[in-house]
Amino acid sequence: MGVDAMTFYRLAHGLKKRGVPLLPAVLRKAIYYLHSSYIPEDAEIGEGTQLGYGGIGVVIHRAARIGRHCLISQQVTIGGRSGIEGAPVIGDYVRMGAGAKVLGNIHIGDFAVIGANAVVVKDVAPGAVVAGVPARVIRQDPDPLASYQREMGQLPPRVPLVSVPTSSTLRQ
């Protein structure tokens with residue numbers, strides 16, 4: 001098993017958080033030369049997120065935030081737009097087809113699907129399927145969790161719920 005761009009990113013991101021000065025930049029360059037990708041160590045990428053084909057040609061904006069368990073195919077760009085401040089915020093369990101472009105200060109909802117070569121410049125609702133240039137909603141899933149299970153063949157990993165103390169537990 002080879003080392004993909006996401007492995008290098010996670011290592012560089014961890015080192016950057018620990019204050020290591022030079023090595024994260026070296027790893028970013030390694031991602032660029034080995035995978036033709038730009039994945040800065042400053043970007044926030046959630047656990048379980050995968051890059052298709054090792055991350056070939058993926059470009060991610062420095063200020064982008066990507067949720068947990070997303071699938072980002074090859075040649076995807078998650079970036080800004082000229083003259084518009086901000087970068088995309090991608091929800092959890094989002095799937096992006098090959099060559100998709102997500103541009104500007106927009107939000108992509110949980111369980112959304114971005115079609116191949118789609119150019120997304122507006123917010124996408126949770127569970128929506130978008131395609132085209134510019135991207136338009138072609139389907140809105142009433143139950144995105146069931147659609148995810150049907151299409152991916154599995155339920156998304158469970159996230160432990162944080163229990164909120166009630167008044168009866170506080171008195172004990």
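Conventions we followed
- Residues numbered from 1 in each chain as written.
- Predicted model: local features only at pLDDT ≥ 70, side-chain atom pairs only at ≥ 80, totals over all residues.
- Heavy atoms only, no water.
- Helix = DSSP H or I, 4+ residues; strand = E, 2+ residues; numbered from the N terminus.
- Buried < 20%, exposed > 50% of the residue type's maximum accessible area, 1.4 Å probe, protein only.
- Contact = heavy atoms within 4.5 Å.
- Pairing = 2+ DSSP bridges.
- Expected span 1.5 Å × (residues − 1).
- Axes fitted to C-alpha atoms, helices over the stretch in contact; angles between N-to-C directions.
- Parallel < 35°, antiparallel > 145°, perpendicular 65-115°, else oblique.
- Left-handed = near helix turned anticlockwise from the far one by under 90°.
- Nonpolar A, V, L, I, M, F, W, Y, C, P; charged D, E, K, R; others polar.

Per an unreviewed UniProt entry, the protein chain goes by Serine acetyltransferase and derives from Corallococcus macrosporus DSM 14697.

1. A closer look at the side chain of His35
Here His35 shows up in helix H2 (residues 23-35). The class of His35 is buried, set by a relative accessible area of 12%. Dropping the residues within four chain positions of it, His35 is found in contact with Val3, Asp4, Ala5, Phe8, Ala30, Gly54, Gly55, Ile56 and Gly57.

2. A closer look at the sheet that holds strand E8 (residues 95-96)
Strand-to-strand pairing in sheets goes through backbone hydrogen bonds, with the strands running parallel or antiparallel. Here six strands make up an open sheet; going across it, the order is E2-E5-E8-E11-E13-E14 and the pairing mixed. Each end of this open sheet is capped by a strand with a single partner; those strands are strand E2 (50-51) and strand E14 (136-140). Direction of pairing for strand E11 (residues 113-114) relative to strand E13 (residues 128-131): parallel, over a ladder of two bridges. The partner of Ile114 across the bridge, within E13, is Val130.

3. Remarks on helix H1 (residues 5-17)
In this model, H1 (13 residues) spans 18 Å end to end at C-alpha, consistent with the 18 Å of a helix rising 1.5 Å per residue. Looking at H1, one finds that the buried residues are Ala5, Met6, Phe8, Tyr9, Ala12, Gly14 and Leu15. Summarising the contacts, the buried residues of H1 are in contact with H2, strand E1 (44-45) and E2. Looking at the residues trailing H1, positive phi occurs at Gly19, about 90 degrees.

4. Considerations on the packing of H1 against H2
Where H1 contacts H2, the axes come no closer than 8 Å and their chain directions differ by 170 degrees. What the angle tells us is that H1 and H2 run roughly antiparallel. Seen along the crossing, H1 lies across H2 with a hand that is left-handed. Along its contact with H1, which presents Ala5, Phe8, Tyr9, Leu11, Ala12, Leu15 and Lys16, the element H2 presents Leu23, Pro24, Leu27, Ile31, Leu34 and His35. Of the residues belonging to the contact of H1 with H2, the class tally is 11 nonpolar, one polar and one charged.

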